[in-house]
Every structure is written in C-alpha cells, then in structure tokens.
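# Topology and contacts: notes
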Amino acid sequence: MSSYVTTPHHHHHHGCCSGSRRLQAPAPPARPRLVVAAAARHVALPPRRAVASRAMSAEAPLGVAPAAAEEEMAAVVDEMAEEAAVWCAVHGLVVGDRAEPRSGTIPGVGLVHAPFALLPTRFPASFWKQARELAPIFNDLVDRVSLDGEFLQDSLSRTRQVDDFTSRLLDIHAKMMEVNKEEDIRLGLHRSDYMLDSGTNSLLQIELNTISSSFPGLSSLVSELHRTLLNRHGKVLGLDSKRIPQNWAATQFAEALSMAWTEFNNKRKTLAQVEAEGQVLPDGTLVVYVSCVGMKAGDGQTVSVVYFRAGYSPNDYPSEAEWRARLLMEQSSAIKCPSISYHLVGTKKIQQELAKPNILERFLNNKEDIAKLRKCFAGLWSLDNEEIVKTAIEKPDLFVLKPQREGGGNNIYGYDLRETLVRLQKEQGEALAAYILMQRIFPRASLTHLVQGGVCFEDLTISELGIFGAYLRNKDKVVLNNQCGYLMRTKVSSSNEGGVAAGFAVLDSILLTDEYGLET
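What counts and how
- Residues numbered from 1 in each chain as written.
- Predicted model: local features only at pLDDT ≥ 70, side-chain atom pairs only at ≥ 80, totals over all residues.
- Heavy atoms only, no water.
- Helix = DSSP H or I, 4+ residues; strand = E, 2+ residues; numbered from the N terminus.
- Buried < 20%, exposed > 50% of the residue type's maximum accessible area, 1.4 Å probe, protein only.
- Contact = heavy atoms within 4.5 Å.
- UniProt positions renumbered as here; feature names shortened; annotations may be inferred.
- Pairing = 2+ DSSP bridges.
- Axes fitted to C-alpha atoms, helices over the stretch in contact; angles between N-to-C directions.
- Phe/Tyr/Trp six-rings, centres within 6.5 Å; stacked < 30°, edge-to-face > 60°.
- Left-handed = near helix turned anticlockwise from the far one by under 90°.
- Nonpolar A, V, L, I, M, F, W, Y, C, P; charged D, E, K, R; others polar.
- Expected span 1.5 Å × (residues − 1).
- Arc of directions from axis to C-beta.
- Parallel < 35°, antiparallel > 145°, perpendicular 65-115°, else oblique.
- Salt bridge = Lys/Arg side-chain N within 4 Å of Asp/Glu carboxyl O.

For the chain, the count of helices and strands is 14 helices and 22 strands. Buried residues in the chain amount to 56% of all 520 residues. Considering only contacts in the chain between residues 6 or more positions apart, those separated by 24 or more positions represent 72%.

Below is the structure:
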C-alpha cells in the first residue's frame, strides 16, 4: 500500500559475488556504460552462472540454447542492465527520488528508475494457478464480511481500546450502521500477497490489502521490461520470454473504475465524453469527478467514484479536517473504493479472525472455496493465546509480530519480538489487542541481479507475489469479479521488511516453470 517509491541510500549486500556495477555517463561522446565498482565484501557463493539460473532450469523449452559461459554471461548482464535503465526512462518505469528536494514539486524533476530485478524470478506454474484462483474468492469474501457490521465491530472492539486510528475508523463505520446506509454499488480493488514456504512447500498468504493496493502500473511495466530483455537475450541465457505471464494490472484496474462509473448510470453523458477531473483532499486522497450524480464537490461538480490513494495511515489524518472529509465521503452516495467496511475487512485483526475455525463458514457456502482459502492461511494468533505467546518468546525467529498498520516497516522480528512480548505480558493491559502473531514464512533464497539507483549488484533474495483482484457489484448483480494482474517484489534475504516504497525491495516479474514444488 505504499504511496511513494524510493531507493535506499545504503544497502548491505548479504552476499556479493562479483561486486557492483554503477551506471555512469562518461564525458561525451562515449556512450554510457556499466563500470565495475569494488565489492563491499566477498562471500563464498555459487559462481556467476548461477545468478541467471534462478530463472533458468531444465524446464526451459526445447530449442533454447543452454546457459552461456561465465565470461559471456558477465557481458550479457552488463549489456542488459544498461538497456534496462534506458528502457525505464523511455517507458516511464520511474519513481520520485527522495535525494532530490524538488522531486514531486516540479514536474519532470527528480525522477529515477524504479528499483528492479534484472531477470524474472522462477515461479512454479502450479502455485501461480493456485494464487490466481484465490483472487475472486477473496474478492467475494471481502464483500460478504463487509456486510456484517456487527462482526467487524465486535472483532475490532478490543483493538479500538488501544489503537486510536482503528477507533476513529470504527466510529465512521458505526455512524454508517446507525443510519443503515445502503451501498448498492460496491467497488473493490484488492491485492492478496503470498510467499512460497520452503518448509511446507506451500503458498501462504501474508496479508490482504483492501485500500490503496499499490503498484498495478509499475508492475505491468516490469513484466514488459523483462519480456523485452528476454526477447533480445533469451537464447544466450536459456530463457523463454513466453513464460512471463501477461500483466494487465493497470489497464484492468482502470477498466474496473470506468465500469463503476457506468454502473452509476449517468444517462446524459457517455463514458467517452466525460472529462475526468481530480482534486487532492487535505489527507492526500484523490477524488475523481466523472459523473453528474453523487457527492457535490466544492466547484459545483459531482463525484461518482472516490478512490483512496491515501487514508490508510494515521499520518494521513494530521487534523480533524481530514477525519471530517473521510466521514463526508462515506456519507455521500458516491462509490467509495474502498468503503469504510471494505477498509476494515483489510485489517490484520480481521485476517486473524477469519483464520479461526468455522468463521469462513459464516460468510461463504461453497466448501471448495473455503478449503482453498484455508489451504493458503498461515498460522495466525491473537496474543490472548498464552501458549503460542510462550512458544514465540522461546523461538522468536519462527514468528512475526504485526501491529494494525499498513504500508511496510511496521512488523517486529527476532530479538525485538521477544522483548516486545515480554514487555506486553508484564503490562497485562489491553495493549495485547493491538497486535497479532503470525507464523513466519521461509521462502527459498536465490542469487539475483538487482538494480537500484543505477547500481547493478548480486545478492541472495526472497520474493513475494501479490495478486490483484477487482470486484464490482450493483445490488444483486456481480458485474465484475476477476483476478487482474500481479505484483512480484524481491528483497535481499537478510532484510525482514518487504516494501518497495519503504526501500526494502525491488520490483520483479515471474517466469513460470513446470516444477511442481520448490525442489531444484
């Protein structure tokens, strides 16, 4: 859900095989080239050829040449990194640069390429199929749970006592329940995040995002970047670009928004004639004006769809004015993406509640769908569970402690997790309700070329797959319930956090393999 992408100023290389290469522009007329920089440190890792082998395997189709010799591979990597940086600039795979003070204030100033992996990550086709099939089921689940206001209020009642932000959201939700506000048209743009757990050889859910599900635009571009690179260099690498799935996330999210507008049923204008205009509210929320019915805007125009690009963090509400704006939008007849109830369904506590026995049956009837969801649930516990808390204090590396926050950089691991649990136990207050405990997932690490801030380097990495989903319902008619594209994030395995915007990860795509599980 991160709203700003940056690259970190410092990066610790967990295992650097051959040093870093920095994209530099020598004096004209020489063309820019990659220059080998000194390695931060050297660790015994597999030879260079193994770097590309995370995407190469025996599953490569017949007729594709085997992996190139080590020297040839080095030259290809250099060439690809340079081509990729140019491609990013030409195709808009760029983000704001926090090192440039004017970035974000003057158009076209302070942009850098988004951090990316040079080659796509190998991903078994069986798990890809499983993740895609889960998307419409989760979309449906979010909608069903959102209709049960009592469940949301009850499940989050203890959290609200210790978390002011959740409490304010629940206040807005309660006001909507009091007036029995009907939301005939419901729009959800979601992203469910997963990792492959090497211990159990299974696809496990990290979290479900129901507000500001970020990166449909950049993730679509990274897939295209990798396809372009493999179309040119695939033979020498032993890789087939056709094994990178198409990723239309940005287009399909845009289509979902336009379909929501259509459902709003403005008969005086066709969609092609609408001039969409926007306004950023004080809390950073983007309001899109594309209709003649709904919430009145200050300039006399009307709003049909409100899309929240912000609003999921306490920082987005610095004063009461922002909370009043959020309530005003919720009270309006405009379609909210998300509505307050959809927003609450995406909280960590609700994720933990839904993993309890017999809770999914409260919302879903299809036993096959329920089984598919349960299969991807990792272990989730409240801190009321004394036995699991005791285990987590003894073996903190097997768990993650999560507060009710979105956007990355908030989770607690290892020694800090143990210390936090010991402190919370001593306090014996309601503060326990502000957190959930989650089973830590251990993906298999692989050696990868990463490109950040013009520097190409190798490191051991793990990856997280996010599947985008779009859901649109008008009264009893489900207009849209689709999986629509994906986000692959790859991060250095020594880093606990995984957010691209927070500077922990790079954008990636996937290369489908025929292997069933995680075995090499």
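Now for the UniProt feature "binding site: Mg(2+)" (unreviewed entry) in the chain. Per the UniProt record, "binding site: Mg(2+)" (unreviewed entry) is annotated on E207, N209 and E406. Residue E207 is classed as buried on the basis of its relative accessible area, which comes to 15%.

Our focus in this paragraph is the environment of I393. Along the chain, I393 turns up in helix α13 (residues 386-394). For I393, a relative accessible area of 18% gives the class buried. Residues I393 and R418, spaced 25 residues apart in sequence, show a C-alpha to C-alpha distance of 4.9 Å. For I393, the contacting residues outside a window of four places in its chain are R418, L421, V422 and Q425.

Taken in spatial order, the three strands line up as β15-β17-β16 in an open sheet, and their pairing is antiparallel. At either end of the open sheet lies a strand with only one pairing partner, and these are β15 (380-382) and β16 (399-403). Shown here is a sheet whose adjacent strand axes are inclined to one another by a mean of 30 degrees, direction ignored. For β15 and strand β17 (residues 435-439), the ladder comprises three bridges, and the chain directions are antiparallel. Directly across from S382, in β17, lies its bridge partner I436. Packing against the sheet, helix α14 (residues 414-427) makes contact with β16 and β17, and its axis sits at approximately 60 degrees to β16.

Further remarks concern the packing of aromatic side chains. In the structure shown here, the tally under the stated rule is eight aromatic pairs. Their ring planes at 45 degrees and their centres at 6.5 Å tell us that F138 and F377 sit as a pair that is tilted. A residue pair is termed long-range when its members are at least 10 positions apart, and F138 in helix α3 (residues 125-146) and F377 in the loop between α12 (367-376) and β15 qualify at 239 residues. Residue F138 shares its accessibility class with F377, and that shared class is buried. For the pair F151 and F363, a centre-to-centre distance of 5.0 Å together with 70 degrees between the ring planes defines the contact as edge-to-face. With F151 in helix α4 (residues 149-155) and F363 in the loop between α11 (348-354) and α12, the pair connects residues that are 212 residues apart, well separated along the chain. Here the two residues F151 and F363 agree in accessibility, since each one is buried.

Right, let's talk about the packing of helix α6 (residues 164-178) against helix α9 (residues 320-331) for a bit. Following both chains from N to C, one finds α6 and α9 inclined at 35 degrees, their axes separated by 10 Å at the closest point. Like other packed secondary-structure pairs, α6 and α9 cross with a definite hand, here right-handed. Residues F165, R168, L169, I172, K175 and M176 of α6 pack against E320, W323, R326, L327, E330 and Q331 of α9. Along the lines of polarity and charge, the residues of the contact of α6 with α9 split into six nonpolar, one polar and five charged.

All right, on to unusual backbone geometry then. A cis amide bond links C337 to the next residue, P338, at an omega of 5 degrees. Looking at the secondary structure, you find P338 in the loop between β14 (335-337) and α10 (340-345). Residue S212 is not a glycine yet carries a positive backbone phi of 50 degrees. Turning to its location among the elements, S212 is positioned in the loop between β8 (202-209) and α7 (216-237). You can call S212 buried: its relative accessible area is 2%.

What follows is about the environment of P443. By secondary structure assignment, the location of P443 is in the loop between β17 and β18 (446-452). Residue classification places P443 among the buried positions, given a relative accessible area of 16%. Sequence spacing of P443 and S493 is 50 residues, and the spatial spacing of their C-alpha atoms is 9.1 Å. Among all residues touching P443, those that are not within four sequence positions of it are M195, L196, S198 and I462.

Time to look at α14. With 14 residues, α14 should reach 20 Å at 1.5 Å per residue; the first-to-last C-alpha distance of 20 Å fits that figure. Those residues of α14 lying buried are G414, L417, T420, L421 and L424. Buried residues in α14, looked at end-on, bunch into an arc of 110 degrees, giving them a common side. Of the residues in α14, the exposed ones pointing more than 90 degrees away from the buried face are Y415 and K426. The elements touched by buried residues of α14 are α13, β16 and β17. Of the residues one or two after α14, Q428 is the one with positive phi, at around 50 degrees.

Let us now look at the packing of α13 against α14. Close contact between α13 and α14 brings their axes to 8 Å; oriented N to C, the two are set at 140 degrees. Our classification of the angle between α13 and α14 gives oblique. For the pair α13 and α14, the crossing hand works out as left-handed. Each of V389, A392, I393 and E394 in α13 lies in contact with α14, whose residues at this interface are L417, R418, L421, V422 and Q425. Partitioned by chemical class, the residues of the contact of α13 with α14 number six nonpolar, one polar and two charged.

Our focus in this paragraph is the pattern of salt bridges. Enumeration according to the criterion identifies 25 salt bridges in this entry. Close ionic contact of R489 with D193 constitutes a salt bridge, the shortest N to O distance being 3.0 Å. Taken as a pair, R489 in strand β20 (residues 477-492) and D193 in strand β7 (residues 185-197) lie far apart in primary sequence, 296 residues in all. Judged on exposure class, the residue R489 and its partner D193 are both buried. The partner of E361 in a salt bridge is R374, and the shortest N-O contact between them spans 3.0 Å. Of this pair, E361 sits in the loop between α11 and α12 while R374 is found in helix α12, placing the two residues 13 residues apart along the sequence.

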